[in-house]
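Structure assessment
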Amino acid sequence: MRAISWVAVNVFKESVRDRVPYNLLLFAVLLISCSYLIGQLTAGQDVKIIKDLGLGATAVFGLFIAIFIGIGLVSKEVERRSIYSLLAKPISRPQFIVGKYAGLVLTLAVNVAVMTLALYAVLGYMTWVETAEFKAGWEAPGVDPRLLKATLLIFLELMLITAVALFFSTFSSPILSAAFTFGLYVVGQFNSDLKNFDKIVQSKPAVWLARGLYHVLPDLSAFDVKTEVVHGLHVPAGYLLSTTAYGMAYIAALVTASVVIFSRRDFK
Amino acid sequence: MRRGTFIAAIAAACGCLAVAVALQMLRDRTYSRDEQQTRSILYVRSGAALKRIALEYDALAADVYWIRAIQYYGGQRLSATGKKRYELLYPMLDIATSLDPFFTIAYRFGAIFLSEGYPGGPGRPDQSIALLRKGIAAQPTKWQYYHDIAFVYYWQLRDMEAAARWFRLAASQPGAPNWLEPVAATMLIQGGDRASARFLLQQILKSEEAWLRRMATRGLLQVDALDLIDQLQAIVRRFPPPPGTPYSWEWLRHQRILTMVPPDPTGTPFELDPQTGTVTVSSKSELFPLPTRKQ
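Residues numbered from 1 in each chain as written. Chains lettered and ligands numbered in written order. Predicted model: local features only at pLDDT ≥ 70, side-chain atom pairs only at ≥ 80, totals over all residues.

When its secondary structure is counted, chain B shows 13 helices and 2 strands. For a compact globule of 295 residues, the expected C-alpha radius of gyration is about 19 Å, and chain B comes in at 26 Å, more than 25% above that figure. In terms of overall dimensions, chain B has a C-alpha envelope of 90 × 55 × 30 Å along the principal axes. Expressed as a percentage of the 295 residues in chain B, the buried residues total 34%. (Helix = DSSP H or I, 4+ residues; strand = E, 2+ residues; numbered from the N terminus. Rg over C-alpha atoms; globule rule 2.2 N^0.38 Å. Buried ≥ 20, exposed ≤ 12 C-beta atoms within 10 Å, placed from the backbone.)

Glancing now at the overall build of chain A. A tally of helices and strands in chain A yields 12 helices and 0 strands. When the helices and strands of chain A are listed from N to C terminus, the series reads α-α-α-α-α-α-α-α-α-α-α-α. Viewed in the frame of its principal axes, chain A has a C-alpha envelope of about 70 × 55 × 30 Å. In chain A, which comprises 268 residues, the proportion classed as buried is 38%. Partitioning the intrachain contacts of chain A with sequence separation of at least 6 by distance along the chain shows that 82% fall at a separation of at least 24. (Contact = placed C-beta atoms within 7 Å.)

Listed as interface residues are 23 residues of chain A and, on the opposing side, 19 residues of chain B. Ranked by residue count, the leading element in the side of chain A that touches chain B is helix α3 (residues 46-70) of chain A, at 5 residues. Among the residues making up the side of chain A that touches chain B, the classes are represented as 11 nonpolar, 8 polar and 4 charged. (Nonpolar A, V, L, I, M, F, W, Y, C, P; charged D, E, K, R; others polar.)

Turning our eyes to something else, we now look at the packing of helix α1 (residues 2-17) of chain A against helix α6 (residues 93-129) of chain A. Residues and elements named next belong to chain A. Closest axis-to-axis distance for the α1/α6 pair is 7 Å, and the angle between their directions is 45°. Taken together, α1 and α6 sit at an angle that is classed as oblique. Taken as a pair, α1 and α6 cross one another with a handedness that is right-handed. Residues A3, I4, W6, V7, A8, V9, N10, V11, F12 and S15 of α1 form the contact with α6, whose own contacting residues are Q95, F96, V98, G99, K100, A102, G103, L104, L106 and T107. Of the residues assigned to the contact of α1 with α6, the class counts are 13 nonpolar, 6 polar and 1 charged. (Axes fitted to C-alpha atoms, helices over the stretch in contact; angles between N-to-C directions. Parallel < 35°, antiparallel > 145°, perpendicular 65-115°, else oblique. Left-handed = near helix turned anticlockwise from the far one by under 90°.)

With that settled, consider the confidence of the model for chain A. Averaged over all residues, the pLDDT of chain A is 86; the fraction at 70 or higher stands at 97%. The secondary-structure element of chain A with the lowest mean pLDDT is helix α2 (residues 22-41) of chain A, recorded at 73, while helix α8 (residues 147-169) of chain A shows the highest, at 94. (pLDDT = per-residue confidence, 0-100.)

This part takes up the domain arrangement of chain B. By domain assignment, chain B separates into domain 1 (43-193) and domain 2 (194-295). Look at where the C-alpha atoms of domain 1 of chain B and domain 2 of chain B centre, and you get two points 27 Å apart. (Domains from an automatic or database assignment.)

Let's shift gears to the environment of A:S169. Residue and element names in this part refer to chain A. Within the secondary structure, S169 sits in helix α8. For S169, a count of 31 C-beta atoms within 10 Å translates into the label buried. Residues S169 and G70 lie 99 residues apart in sequence; the distance between their C-alpha atoms is 7.3 Å. Leave out the neighbours within four places in its chain, and S169 touches G70, I71, G72, L73, V74, S75 and S177.

Here we come to the environment of A:M159. Residue and element names in this part refer to chain A. Assignment of secondary structure puts M159 in helix α8. Residue classification places M159 among the buried residues on the basis of 25 C-beta atoms within 10 Å. Between the alpha carbons of M159 and D46 there is a distance of 30 Å; along the sequence they are 113 residues apart. If we skip the residues at most four places from it in the chain, M159 touches V105, G247 and I251.

Structure follows, in structure tokens:
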């Protein structure tokens with residue numbers, strides 16, 4: 001466990017050295033400037049748009065971090081040949097992979113937490129400055145704790161994408177890993193369509209194939225409840241729990257597969 | 001890099017940017033791009049296709065289309081030159097609501113934009129109703145959508161039976177206010193007289209949404225204008241000009257029947273058709289056009 005946390009902390013430190021936290025500054029500037037500009041452009045929908053923008057930016061910034069750092073987690077060590085000195089230390093290969101994954105998840109957790117705080121700060125300011133009469137027209141309160149449901153699922157989705165990037169990183173080059181991960185991210189958004197393939201196709205084998213792919217490929221659209229929470233609609237706790245469990249199981253499968261592939265790799 | 005070189009490089013970069021800005025301003029002044037070139041364009045008109053393209057950022061894309069719709073509507077409405085064009089308004093609202101099916105304000109505010117008579121809007125109550133029906137498909141228990149359809153039937157189409165039917169449907173939704181049912185009854189019994197209109201608009205005036213209150217205030221002023229028009233029309237008919245002389249406010253003032261050119265509730269003078277003697281609000285008035293009269 002100590003070895004895993006040691007690797008994880010080093011991944012986190014490296015991401016700080018790579019100036020990853022700069023994106024937080026960009027996020028804050030984006031939100032604050034937009035909160036002013038949007039107020040001039042929209043008909044009383046500032047809060048809804050700020051929430052959409054905040055959650056959307058959290059997801060997209062996290063996606064870039066997950067993909068572009070995730071793809072280099074293992075391949076960078078191999079390219080720099082630092083893998084030899086690392087594996088010479090008392091760290092097993094599974095510990096190395098799990099540590100790498102945990103380190104990037106820690107980076108993402110800090111990022112998502114800071115972005116969420118920034119979003120709440122902007123929303124809190126808007127709630128403070130707007131009149132009670134104006135606020136009465138809002139569908140949901142400005143500082144709405146239900147936004148955390150969307151944030152939680154965004155974080156889980158990012159964890160899953162990180163696991164995908166790590167998986168490809170164990171056997172592929174960074175460019176190919178980025179292409180595969182991004183491709184799987186896009187496919188994952190449409191995955192739920194495969195479930196209803198039988199409604200548009202007659203062929204049984206095609207339907208079985210689509211159904212099989214639906215189960216095997218990550219169902220990322222399930223992690224998107226942004227629209228619902230922004231409109232103050234109910235997202236059942238059961239849905240959150242089952243999606244969290246699904247995400248965790250999928251992540252476990254990917255990390256295990258990464259460990260297996262990495263353990264069998266020959267670095268001679 | 002030495003400090004002096006660094007400062008010089010920064011200054012050079014700033015200077016180049018300033019030159020670019022100056023050139024841009026010069027070009028815009030010399031070759032002003034006309035409306036045809038900058039006219040709004042919708043490259044993708046299918047909401048379903050855009051929802052796919054937007055991946056998980058569909059709500060954000062909906063906001064972009066909503067902002068575009070507002071800018072487009074406002075731009076056309078306020079444009080002082082040329083014919084006002086609203087043909088992209090419905091597709092933009094349709095896309096915004098396809099991307100975010102729970103976008104209440106896009107349905108409700110959009111319906112007001114669409115039903116507004118030309119030149120203040122496209123004058124398409126049919127599209128307004130279609131948009132609100134889409135909202136009902138997404139949220140079947142939202143009484144506000146039923147209410148808004150009823151209002152379009154009542155205010156724009158003057159179809160009291162349909163209005164009453166939709167008011168009754170609105171009243172049957174959970175959380176609907178209790179004044180909706182009596183309004184539905186009034187529509188049928190009194191045929192939508194101005195007293196009913198006033199009552200309905202005063203209810204809308206209590207709404208939490210500022211834009212709905214603004215719409216109701218304007219509606220109430222329009223009802224007042226209709227009352228004034230009736231009074232003025234009676235005067236015009238009672239004191240017609242001599243045969244061969246056109247109808248005019250001047251003539252009525254000369255006869256000391258009126259002391260001034262009568263203004264509508266916003267202060268804009270009413271217009272009097274010289275041929276027919278029909279009193280109307282001016283096209284320059286904020287109240288123009290008045291809701292269509294019952295067919």
